[in-house]
Amino acid sequence: MRVCVIGTGYVGLVTGACLAHIGHHVICVDNNEEKVKLMKAGQSPIFEPGLSEIMAGAMQAGTLEFTTDIGGGVAHGEILFIAVGTPPLPTGESDTRYVEAVARSIGAHLDGGYKVIVNKSTVPIGSGDWVRMIVLDGIVERQKVLVGAGGGEVTTLESVPAFDVVSNPEFLREGCAVYDTFNPDRIVLGGSSSKAIAMMQELYAPIIERQYAEDKSLPPVPVLATDISSAEMIKYAANAFLATKISFINEVANICDRVGADVTQVAKGIGLDSRIGNKFLQAGIGWGGSCFPKDVSALIHTADDYGYDTHLLKAAVSVNQRQRLIAVEKLQQVLKILKGKTVGLLGLTFKPDTDDMRDAPALNLIEHLNRLGAKVKAYDPIVAQSGMRHGLTGVLVETDPERLADGCDALVLVTDWQQFRNLDYNKMASLMTNPVMIDGRNYLDREALQQAGFYYVGVGR
Ligand code: NAI
């Protein structure tokens, strides 16, 4: 099928490349010229395991193209994905201006045959109808320009190009986005047009049938067809549930710390209950990233708009805000005064295998430690590899873990990058002023660290 994906970030680029990989002809549009230049040269502007290879294969096969020309993209696609960012506003609401700009632009270029416009961006509930309205506005504005220039006729309802809007929320996880695209737990399609839903099912058929799955013997991927608002709500509810689950185990961890229980054993014990499940029960320094914080805030805001004061979701956020600074509390317990001390952060990104720093707990830690007068250094494999700095301030970024350890009064494991399990901790301990390890993800081998000479502190254990 002919597909256009507008917005080539973590979601759009992965979606576009994977759809091209399975044989669709995809044009990816972005208004960031630098990004498009990079992608045209076969390079991925983001770090995501497996993505570069998928891009290269599809580009060579001629099924994946990149452009800044949205008009060309819209003309090409029978299915048009909107995959631009919906970052949070200071109020907690979702900033939908990029979606609006794209929807208007689609309208201004819509011509010819029937198209399905797909909201892949996470958008506030009710955005399906809103996008439809903006697209129609775009069509009318364009017609006015044409009429004004003497180049066309006044738009009548009959002459409006045919299109439908579908909500197709994305559930991929950064760090395994390609894997998740080929191995989804479910595909949600919200919309009232059976024609549009059928086209979406055809688009995803190879994925639904597990042709690209790791385990091809699994039954087909469940496809849930819903109304638009329910599809939009599913995305928010899923993220709110996962964030709440982490806040829950973090609260349990804080109680464990006080009563002398071990949260890792507690999590195992409750996770074996099939009603609870063992995922998302790792206690640590809290959730972050580009989705959970903004989506939970947006859902709270939507509820507020409709006169409902959320208690549970607000509590999940407040537990998380406190949890993000739990490492500082632990540093103070061990080192007492932090002014003049040097703290080394192992990891900066909000999770491993991504270069995404949006709303990463490390940023709060750096800011807070600076405020308390500590010097902060950090080592992160992706930051070291790409030389990227993400405009980081208040932190000295080191190029290897041993340089990081050198002269530190304590280390804090912030991101559970796999390579952090196998560092030379004997050497690192010997380079530190004070070999203290705050394991912010309960990720390291406590006994091994202790043997290496570290004073080890976990979260809730
Ligand atoms: P991103 O910020 O990485 O990418 C957005 C892209 O859209 C950028 O490349 C930007 O240049 C481009 N863009 C903005 N305005 C444009 C315009 N008018 N025309 C063309 N391109 C334009 O965002 P990301 O992380 O990919 O998120 C996209 C949406 O997907 C958001 O709503 C997000 O909540 C949702 N989502 C994100 C997930 C993630 O793990 N990052 C997972 C699931 C959903």
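Keep in mind the model is a prediction, meaning the values are calculated, not measured.

Peer 1: Is there a simple way to explain the sheet that holds strand β12 (residues 410-413) in this structure?
Peer 2: Sheet strands associate in pairs through backbone hydrogen bonding, adopting either a parallel or an antiparallel arrangement. Within the open sheet, the 6 strands sit side by side as β11-β10-β9-β12-β13-β14. Their pairing is parallel. The sheet is open, and its two edges are formed by β11 (396-397) and β14 (455-457), each paired on a single side. Where β12 lies against strand β13 (residues 436-439), 3 bridges are found, and the strand directions are parallel. What sits directly across from L413, in β13, is D439. Across the sheet, helix α13 (residues 326-335) lies against β9 (342-346), β12, β13 and β14, angled at about 155° from β13, the strand it touches most. Here helix α14 (residues 361-371) sits on the sheet in contact with β9, β10 (375-379) and β12, set at roughly 180° to β9.

Peer 1: Please explain the pattern of salt bridges as it appears in this structure.
Peer 2: Think of it this way: side chains of opposite charge can pair up when their charged atoms draw near. Evaluated as defined, the whole model comprises 20 salt bridges. We note a salt bridge from D295 to K294, for which the minimum N-O separation is 2.9 Å. Looking at D295, the relative accessible area reads 1%, which means it is buried. In this structure, the salt-bridge partner of E398 is K377, at a minimum N-O distance of 3.5 Å. Here E398, found in the loop between β11 and α16 (401-405), pairs with K377, found in strand β10; they are 21 residues apart in sequence, far enough to count as distant. No difference in accessibility class separates E398 from K377, as the two residues are buried. In this structure, a network of salt bridges that share partners links the residues E100, R104 and E141.

Peer 1: Where do I start with the side chain of T86 in this structure?
Peer 2: One can find T86 in the loop between β4 (79-82) and α5 (97-109). Since its relative accessible area comes to 6%, T86 is described here as buried. A polar contact of 2.8 Å, which involves the side chain of T86, links it to the backbone oxygen of T122. Here the side chain of T86 touches K294 through a polar contact of 3.3 Å, side chain to side chain.

Peer 1: Hey, could you run me through the UniProt feature "binding site: NAD(+)" (unreviewed entry) in the protein chain in this one?
Peer 2: Per the UniProt entry, the sites bearing "binding site: NAD(+)" (unreviewed entry) are D30, K35, T86, T122, E174, K294 and R358 in this numbering. These residues run over 329 residues, and the two farthest C-alpha atoms among them are 24.3 Å apart, placing them at more than one spot. Since its relative accessible area comes to 24%, K35 is described here as partly exposed. The contact partners of K35, leaving out residues within four places of it in the chain, are T8, G9, D30 and P45. Note that K294 resides in helix α11 (residues 292-305). Beyond its immediate sequence surroundings of up to four residues, K294 is in contact with T86, P87, P88, G92 and T122.

Peer 1: Hey, could you run me through helix α6 (residues 127-148) in this one?
Peer 2: Residues lying three or four places apart along an α-helix face the same way, a consequence of the helix completing one turn every 3.6 residues. With 22 residues, α6 extends 31 Å from end C-alpha to end C-alpha; this agrees with the ideal 32 Å at 1.5 Å per step. Listed as buried for α6 are S127, G128, V131, I134, V135, G138, I139 and Q143. Contacts from the buried residues of α6 go to β4, α5, β5 (115-119), β6 (163-167) and α9 (228-259).

Peer 1: Mind showing me how you'd approach the environment of G126 here?
Peer 2: Structurally, the position occupied by G126 is in the loop between β5 and α6. Taking the C-alpha atoms as reference, G126 lies 9.3 Å from S230; in sequence the two are 104 residues apart.

Peer 1: How should the nonpolar core be read in this particular structure?
Peer 2: One broad rule of soluble globular proteins: the nonpolar side chains tend to lie buried together. Membership of the largest hydrophobic core comes to 52 residues, with the highest contact counts inside it found for L345, L346, L369, Y425 and M437. Per-element accounting of this core gives the leading share, 5 residues, to α13. The contacts of L346, once residues within four sequence positions are left out, are Y379, L404, L411, V412, L413, V414, T415, F420, L423, Y425 and M437.

Peer 1: I tried to follow the domain arrangement of the protein chain on my own but got confused; where do I start?
Peer 2: What the domain assignment reports for the protein chain is domain 1 (2-226), domain 2 (235-322) and domain 3 (324-457). The distance between the C-alpha centroids of domain 1 and domain 3 comes to 39 Å. Contacts between the two partners involve 8 residues from domain 1, matched on the other side by 9 residues from domain 3. Summing both partners gives a buried area of about 680 Å² for domain 1 against domain 3, and 46% of it is carried by carbon and sulfur. Its largest share of buried area at the contact with domain 3, domain 1 owes to Y10, F47 and E174, together 79% of the area lost on that side.

Peer 1: Any chance you could explain helix α12 (residues 312-323) here in plain terms?
Peer 2: With 12 residues, α12 should reach 16 Å at 1.5 Å per residue; the first-to-last C-alpha distance of 16 Å fits that figure. Those residues of α12 lying buried are L313, A316, V317, V319, N320 and Q323. All buried residues of α12 fall inside an arc of 160° around its axis, so they share one side. Each element contacted by the buried residues of α12 is listed here: α9, α11 and α13.

Peer 1: Would you mind showing me how to read the site of the ligand here?
Peer 2: As a structural note, the neighbourhood of the ligand is formed by 26 residues, with D30, K35, T86, E174 and K294 the closest of them. When the ligand sits alone it has 830 Å² of accessible area, and the protein chains cover 88% of it. Broken down by secondary-structure element, the contributors of at least two residues to the shell around the ligand are α1 (10-21) and α5. Among the residues making up the shell around the ligand, the classes are represented as 9 nonpolar, 10 polar and 7 charged. Structurally, the shell around the ligand is a two-domain feature, drawing no fewer than three residues from each of domain 1 (2-226) and domain 2 (235-322).

Rules of the game
Residues numbered from 1 in each chain as written. Predicted model: local features only at pLDDT ≥ 70, side-chain atom pairs only at ≥ 80, totals over all residues. Heavy atoms only, no water. Pairing = 2+ DSSP bridges. Helix = DSSP H or I, 4+ residues; strand = E, 2+ residues; numbered from the N terminus. Contact = heavy atoms within 4.5 Å. Axes fitted to C-alpha atoms, helices over the stretch in contact; angles between N-to-C directions. Salt bridge = Lys/Arg side-chain N within 4 Å of Asp/Glu carboxyl O. Buried < 20%, exposed > 50% of the residue type's maximum accessible area, 1.4 Å probe, protein only. Polar contact = N/O pair within 3.5 Å; in protein donor to acceptor, adjacent residues only side chain to side chain. UniProt positions renumbered as here; feature names shortened; annotations may be inferred. Expected span 1.5 Å × (residues − 1). Core = buried A, V, L, I, M, F, W, Y, C linked by side-chain atoms within 4.5 Å. Domains from an automatic or database assignment. Buried area = accessible area lost by both parts, 1.4 Å probe. Arc of directions from axis to C-beta. Near = heavy atom within 4 Å. Areas by Shrake-Rupley, 256 points an atom, 1.4 Å probe, with all protein chains shown as cover. Nonpolar A, V, L, I, M, F, W, Y, C, P; charged D, E, K, R; others polar.

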